[in-house]
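# Examination of the molecular architecture
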Amino acid sequence: MTERTPLLHYRLSTSVNESEQRSPPAGQVPERHPGSPRQRSTHQRQQPKKLSTFFGVVIPTLLSMFSVVVFLRIGFVVGQSGLYQAIAMFLVAYFIICMTVLSVCAISTNGALDAGGAYYMISRALGPEFGGSIGIMFFLANVCGSALYVLGLVEAIVGTFGVPEDGTGATSPYQVLPSGYWWSLLYGTAVALLCLLVCLVGAHIYAKATFIIFLVVMFVLGTIFVSFFAVWPHTIILPRSATHNPAVNGTGPVVPTTANFTGFKLDTLLGNLWADYTVDYTTETMMTFATVFAVMFNGCTGIMAGSNMSGDLKSPSSSIPRGTITAVIFTFIIYNLLSVLVACSCDRILLQRDYGFLRDINIWHPFVTIGVYSSTLSAAMSNLIGASRILYALARDDLFGKVLSPAKKTSQSGNPWVSVLISWFLVQLVLFSGKLNTIASIVTIFFLLVYAAVDLACLALEWASAPNFRPTFRYFTWHTCVLGIVGCAVMMFLINAIYASASIAFMLLLLLLIHYLSPTSSWGYISQALIFHQVRKYLLMLDVRKDHVKFWRPQVLLMVSNPRSSVGLITFINDIKKSGLYVLGHVQLGDLNTLPSDPLQSQYDSWLSLVDHLNIKSFVNLTLADSVRHGVQHLLFISGLGGMRPNTLVLGFYDNCLPKDKLVDPSMSTSQSTDPSGLSQELEQQAPLFHFAPLRRAIDRQDYGEIGDGKVLGSQEYVAIIADAMKMLKNVVLARYFNNFDRTQVLSPPSSFPGKGAVYVDVWPVNLLRPDSCSYVDTCSLFLLQLACILNMVRAWKKATLRLFLCVEEGRSVRGSEEKLGQLLKELRIKARIYPVPWDQQVALHWQRQGKWGKKQQSQTPDTIKEETMPRPDEEEEENDEDYVNSFPSNTVRLSDDYLSAVNKLILDQARPPPAVRFLYLPRPPADTHRYATYLHQLELLTRDLGPTLLIHGVTPVITTDL
């Protein structure tokens, strides 16, 4: 009678914790890191695969799924829910685990598995984040599971051989052991030490005993079946705890003290067909379908034992599916047969009030006790061994850095003895809690979460459509994976919704921790395959024919010669992309015919490291060409896919500014650190990661600014690149004076500056190279306004103030022009301050030049006219009236240096306080290629000493007032 007390722990605990943590057979070396193939090959030579399907898969899985459930839970399930609902519960439970079995079989036949069980499968399929978080939970579940079985074994021993605590005296001559909390803790410590010794000597001891334990369990199970036919009907005295009346003052219904084993009778079967939920005498709580189902489901777990043995199987691809499915089918048949036999031969009182009745009806009572002891001890050692193997696998993968590094140590035979000691120590700590009903529910939920993760891993591999995912086991689809995930999730919340939510939150916390702290692994990330699959699908759906101006966004191709001097520009352009495509382009001069291999392949890592270092959202596109111009053409033609192609080309300005290396010079860094010494050390450590060419030292007139790769780029080719982009209907942006641009300093100006720390962005939407036209409503002006507005929408620039400068001449209505521009800004939903700027003096300089040009044209030869009209007399260009007519704008060559310098001074005079960046109108290059140098010279004079400036030319409508 006293043997029934441990049922509470067996029933509410995970009786059959995963045998995927079970120790491998004799001589198996623990998991070797993927980076040590020599060790694996050496081990394979020393210990060849030799286990068959029966010994390697069927036996471990059967032992894991049976455990004590078959001895102590069958009567509980049938007695509370009836035969019909019991069979229905088994059907539902086995449907759930069969969905997971299919996923396990698929993953395990897609490649060789190493130690670690489910952790290994999940981590190699879903990546280290999921694998590490599930691995930790799996480890903790096995530790708690081992403690659960130790305590269960202790209570079974005390129940049989212990003296009752209530002082009623021993009812059997075998009850000689003292009982109590501390005595139970002592017995549990002794059992745990026994398990520790077995694990320290080696897993092969348990592996050799596995078959013997299997024979014992099968023999006891056989005696149970025989007992239903061989034992005569008789009356059984119910345990004392089951006959206690919980009613207050002794009132309430009379609880029977005896029950009957009737043998096979139709009346007994009819009385057990339907549900009759009552109070559980061990917990004194009312049972329901959900609670009974949750208890019964614990006996259906342990399905991944075979997959953990793949390294020692003769044919893993066939043994794991066949062995696992065979074990699942066998246990399903046994559970249902026992349910039918119990329902036909035991009355309802016996099933509800004596969960250990199988011992009382057995042909020899100690048989069931032996079965309980052997299966429980086996499960305790199995979980301890499994926990140590998972911890060792986690340590070898370095997911938690130095925290788990001691767990890597192994003995000469390969036994991870440090991991065993750590696992045993944690088991000993759990033993102090004494009663683990609450922890048992959490452990069950942890295992269900692992099952769901395995299904998720298989689902992700299937949805990713990766060519290398071709398991030999093909009897699964993504539907079975989804059903497995849903089934596990439902079971988790059915057992305990609070614990299920907490376990998921704990897993997500571990996932984030590993994601941010662990180093990059070489296992491959399924997320990358899934992202590729989805991006390809959506890119095909992104139809360029459905583009609309309302949804336009900048998609930028920024040409970078050497990132060392372009950090400021790269970070600034990242702010104006507005969630659009951003591509860093680079041209390396060369001819592939003369090179042994592609020189660009080795450079991608440095560029991607730069993207990570600057924390920008950008792609990298490199090309090899015979000239910078052809390289830019290549990138404009081929960058992007489908509807995601660059529509805006950004170039650094062609000038003689000396570049500075921001990846080395602390004062030029974009880092927000305020410690110069620490920053310098950090940059010195990070600099070797970027294998970019050193910056040029000599400065000459041939220098090319931001474009190229250390080769000469002339002004002619530079302007030709601008013209090519406009012919291809690409917007063009020229960026000047961004060599010293520091985003952090610009957005946090000292309060002592004029304007009390305010940040300004100046916009000049008028073509300053066309003083005869002051229109600000053309396509280019609106594009300029749009980019300025986009910059102001970025979170870091939201506090910046847009200042819009309206150039007006004498005789025109200033108020009228200002109101008209204000109305336009209101319609465009752009918030900016308008500042009218008189520029009569500057325009007068222009027309004065035009008058002189007209008079001289009548009295001088064309060659003389040419010399007078050229602002750079040191350059000799052959031109005539026909060339002049073809140029654009028509008055480009007639702009004097005086006029441009005056306009430049005008811009500088309006900058009080100075802006963070200026947006200026960029005119089209002249059609005559001979005037490219003049065009570039005019832009240089216009923007001289203005600070960070963008010269912008738009070719397509990008803004609308429509809804």
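All figures in this text were calculated on a predicted structure; none of them were measured in a lab. (Residues numbered from 1 in each chain as written. Predicted model: local features only at pLDDT ≥ 70, side-chain atom pairs only at ≥ 80, totals over all residues. Heavy atoms only, no water.)

### Observations regarding the overall build of the protein chain
Scanning the protein chain from terminus to terminus reveals 33 helices and 14 strands. Summarising the internal contacts of the protein chain: among those between residues at least 6 apart in sequence, 82% fall at separations of at least 24. By element, 60% of the accessible surface of the protein chain is carried by carbon and sulfur atoms, the whole surface being about 41900 Å². (Helix = DSSP H or I, 4+ residues; strand = E, 2+ residues; numbered from the N terminus. Contact = heavy atoms within 4.5 Å. Areas by Shrake-Rupley, 256 points an atom, 1.4 Å probe, with all protein chains shown as cover.)

### Some remarks on the nonpolar core
Membership of the largest hydrophobic core comes to 154 residues, with the highest contact counts inside it found for Phe71, Phe228, Met304 and Leu338. Tallying contributions element by element places helix α5 (residues 74-108) first for this core, with 19 residues. What Phe71 contacts, discounting residues up to four positions off in sequence, is Val217, Val220, Ile224, Tyr355, Leu358, Val368, Gly371, Val372 and Ser375. Of all hydrophobic cores here, the second largest spans 64 residues; its members include Val611, Leu622, Leu787 and Ala788. (Core = buried A, V, L, I, M, F, W, Y, C linked by side-chain atoms within 4.5 Å. Buried < 20%, exposed > 50% of the residue type's maximum accessible area, 1.4 Å probe, protein only.)

### Structural notes on the layout of surface pockets
Rolling a probe over the atoms, with the probe sized like a water molecule, indicates the empty space that remains. Counted as a void, the largest pocket has a volume near 1200 Å³. Elements represented by at least two residues in the lining of the largest pocket include exactly α20 (526-541), α22 (604-614) and β7 (619-625). Looking at which element gives the most residues to the lining of the largest pocket, the answer is α20, with eight residues. A per-class count over the lining of the largest pocket returns 17 nonpolar, seven polar and two charged. (1 Å grid on protein atoms, 1.4 Å probe; cavity = no way out; pocket = protein on both sides within 12 Å on 5 of 7 lines; lining within 4 Å. Points joined across faces, edges and corners; volume = space filled by probe spheres on them. Nonpolar A, V, L, I, M, F, W, Y, C, P; charged D, E, K, R; others polar.)

### Side note on the packing of aromatic side chains
With the rule as written, the count across this model stands at 26 aromatic pairs. Taking 5.2 Å as the distance between ring centres and 80° as the angle between the ring planes, the aromatic pair formed by Phe76 and Tyr355 counts as edge-to-face. Of this pair, Phe76 sits in helix α5 while Tyr355 sits in the loop between α13 (348-353) and α14 (357-360), and the two are 279 residues apart along the sequence. We classify Phe76 as buried; its relative accessible area is 0%. Judged by its relative accessible area of 0%, Tyr355 is buried. (Phe/Tyr/Trp six-rings, centres within 6.5 Å; stacked < 30°, edge-to-face > 60°.)

### Here we look at the packing of helix α15 (residues 366-396) against helix α16 (residues 417-431)
In the contact formed by α15 and α16, the axes pass within 8 Å of each other and the chain directions differ by 125°. With respect to α16, the element α15 is oriented oblique. Between α15 and α16 lies a crossing of right-handed hand. Contact residues: α15 offers Leu384, Ala387, Ser388, Arg389, Leu391 and Tyr392, while α16 offers Ser419, Val420, Ile422, Ser423, Trp424 and Val427. Partitioning the contact of α15 with α16 into residue classes produces eight nonpolar, three polar and one charged. (Axes fitted to C-alpha atoms, helices over the stretch in contact; angles between N-to-C directions. Parallel < 35°, antiparallel > 145°, perpendicular 65-115°, else oblique. Left-handed = near helix turned anticlockwise from the far one by under 90°.)

### Looking at the environment of Ser388
Within the fold, Ser388 resides in helix α15. Judged by relative accessible area, which is 0%, Ser388 ranks as buried. When sequence neighbours within four positions are dropped, the list of residues in contact with Ser388 reads Ser419, Val420 and Ser423.

### Points about the pattern of salt bridges
Within this structure, the stated rule accounts for 14 salt bridges. Of the charged contacts in the structure, one is a salt bridge between Asp398 and Lys408, with a shortest N-O distance of 2.5 Å. With Asp398 in the loop between α15 and α16 and Lys408 in the loop between α15 and α16, this residue pair connects regions lying ten residues apart in the sequence. Looking at Asp398, the relative accessible area reads 29%, which means it is partly exposed. Lys408 sits in the partly exposed class, given a relative accessible area of 30%. When the shortest N-O distance is used, the salt bridge between Arg803 and Asp762 registers 2.7 Å. Of this pair, Arg803 sits in strand β11 (residues 801-808) while Asp762 sits in strand β10 (residues 760-764), and the two are 41 residues apart along the sequence. The exposure classification of Arg803 matches that of Asp762, with both residues buried. (Salt bridge = Lys/Arg side-chain N within 4 Å of Asp/Glu carboxyl O.)

### Considerations on the environment of Leu399
Structurally, Leu399 can be placed in the loop between α15 and α16. Taking the relative accessible area as the measure of exposure, Leu399 reaches 5% and is therefore buried.

### Things to note about the packing of helix α18 (residues 478-495) against helix α19 (residues 497-517)
For the pair α18 and α19, interaxial distance at closest approach is 5 Å and the crossing angle is 125°. Compared by their axis directions, α18 and α19 come out oblique. Only Ala497, Ala500, Ser501, Ser503 and Ile504 of α19 make contact with α18, whose side of the interface consists of Met492, Phe493 and Ile495.

### Observations concerning the confidence of the model for the protein chain
Averaged over all residues, the pLDDT of the protein chain is 78; the fraction at 70 or higher stands at 77%. Confidence drops under pLDDT 50 across residues 1-46; counting only partners more than four residues distant or on other chains, this segment forms 194 contacts. Segment residues 853-893 is flagged for pLDDT under 50; beyond a separation of four residues in sequence, or across chains, it makes 60 contacts in the model. (pLDDT = per-residue confidence, 0-100.)

### Here we look at the environment of Ala387
Within the secondary structure layout, Ala387 lies in helix α15. Separated by 35 residues in sequence, Ala387 and Ile422 place their C-alpha atoms 9.4 Å apart.

### Structural notes on α19
For α19, spanning 21 residues, the distance from its first C-alpha to its last is 30 Å, which sits close to the expected 30 Å at 1.5 Å a residue. With a side-chain oxygen lying 3.1 Å from the backbone nitrogen of Ile498, the N-terminal cap of α19 falls on Asn496. (Expected span 1.5 Å × (residues − 1). Polar contact = N/O pair within 3.5 Å; in protein donor to acceptor, adjacent residues only side chain to side chain.)

### Topic: the sheet that holds strand β12 (residues 833-838)
Taken together, ten strands build an open sheet; the order of strands is β7-β6-β5-β8-β9-β14-β13-β10-β11-β12 and the sheet is mixed. The sheet terminates laterally at β7 and β12, the two strands that pair on one side only. Neighbouring strand axes in the sheet, compared pairwise and without regard to direction, differ in orientation by 25° on average. With seven bridges connecting them, strand β6 (residues 582-589) and β7 associate as parallel partners. Residue pairing for β7: Val587 is matched across the bridge by Thr623. Across the sheet, helix α23 (residues 628-638) touches β5 (556-559), β6, β7 and β8 (648-652), and the angle it forms with β7 is around 135°. (Pairing = 2+ DSSP bridges.)

### Brief notes about the pairing of β11
For a regular strand, side chains alternate in direction, first toward one face of the sheet and then toward the other. A large share of β11 lies buried, amounting to eight of its eight residues. What you see with β11 is no split at all: Thr801, Arg803, Phe805 and Cys807 on one side and Leu802, Leu804, Leu806 and Val808 on the other are buried throughout. With four bridges connecting them, β10 and β11 associate as parallel partners. Paired with Tyr760 across the strands is Thr801, a residue of β11. Pairing analysis gives six bridges linking β11 to β12, with the strands arranged parallel. Paired with Arg803 across the strands is Arg833, a residue of β12.

### Things to note about the side chain of Thr801
Here Thr801 shows up in strand β11. Here Thr801 falls in the buried class, since its relative accessible area comes to 18%. With residues up to four places along the chain from it excluded, the contact list for Thr801 reads Val759, Tyr760, Val761 and Arg833.

### Digging into a nonpolar patch on the surface
A surface patch of nonpolar side chains, amounting to about 570 Å² of accessible area, comprises Tyr181, Trp182, Phe425, Leu429 and Phe432. Residue assignment for the nonpolar patch shows that the elements contributing at least two residues are α8 (181-201) and α16. Considering the arrangement of structural elements, one finds Phe432 in the loop between α16 and α17 (437-464). (Patch = residues over 30% accessible without salt bridge, like charges linked within 9 Å, V, L, I, M, F, W, Y side chains within 5 Å.)

### Let's talk about the pairing of strand β2 (residues 258-261)
By the alternation rule, side chains of β2 split into Ala259 and Phe261, which are all buried, and Thr258 and Asn260, of which none is buried. As paired elements, strand β1 (residues 234-237) and β2 share four bridges and run antiparallel to each other. Among the inter-strand pairings, Ile237 is bridged to a residue of β2, identified as Thr258.

### So, unusual backbone geometry
Positioned with a positive phi, Asn615 is a non-glycine residue whose angle comes to about 55°. Along the chain, Asn615 falls in the loop between α22 and β7. The phi angle at Leu729 is positive, at roughly 60°, despite the residue not being glycine. Inspection of the secondary structure puts Leu729 in the loop between α25 (715-727) and β9 (731-736).

### A look at the state of the cysteines
Scanning the entire structure with this criterion turns up zero disulfides. Distance from the sulfur of Cys458, which forms no disulfide, to the nearest cysteine sulfur (Cys481) is 3.6 Å. (Disulfide = S-S within 2.5 Å.)

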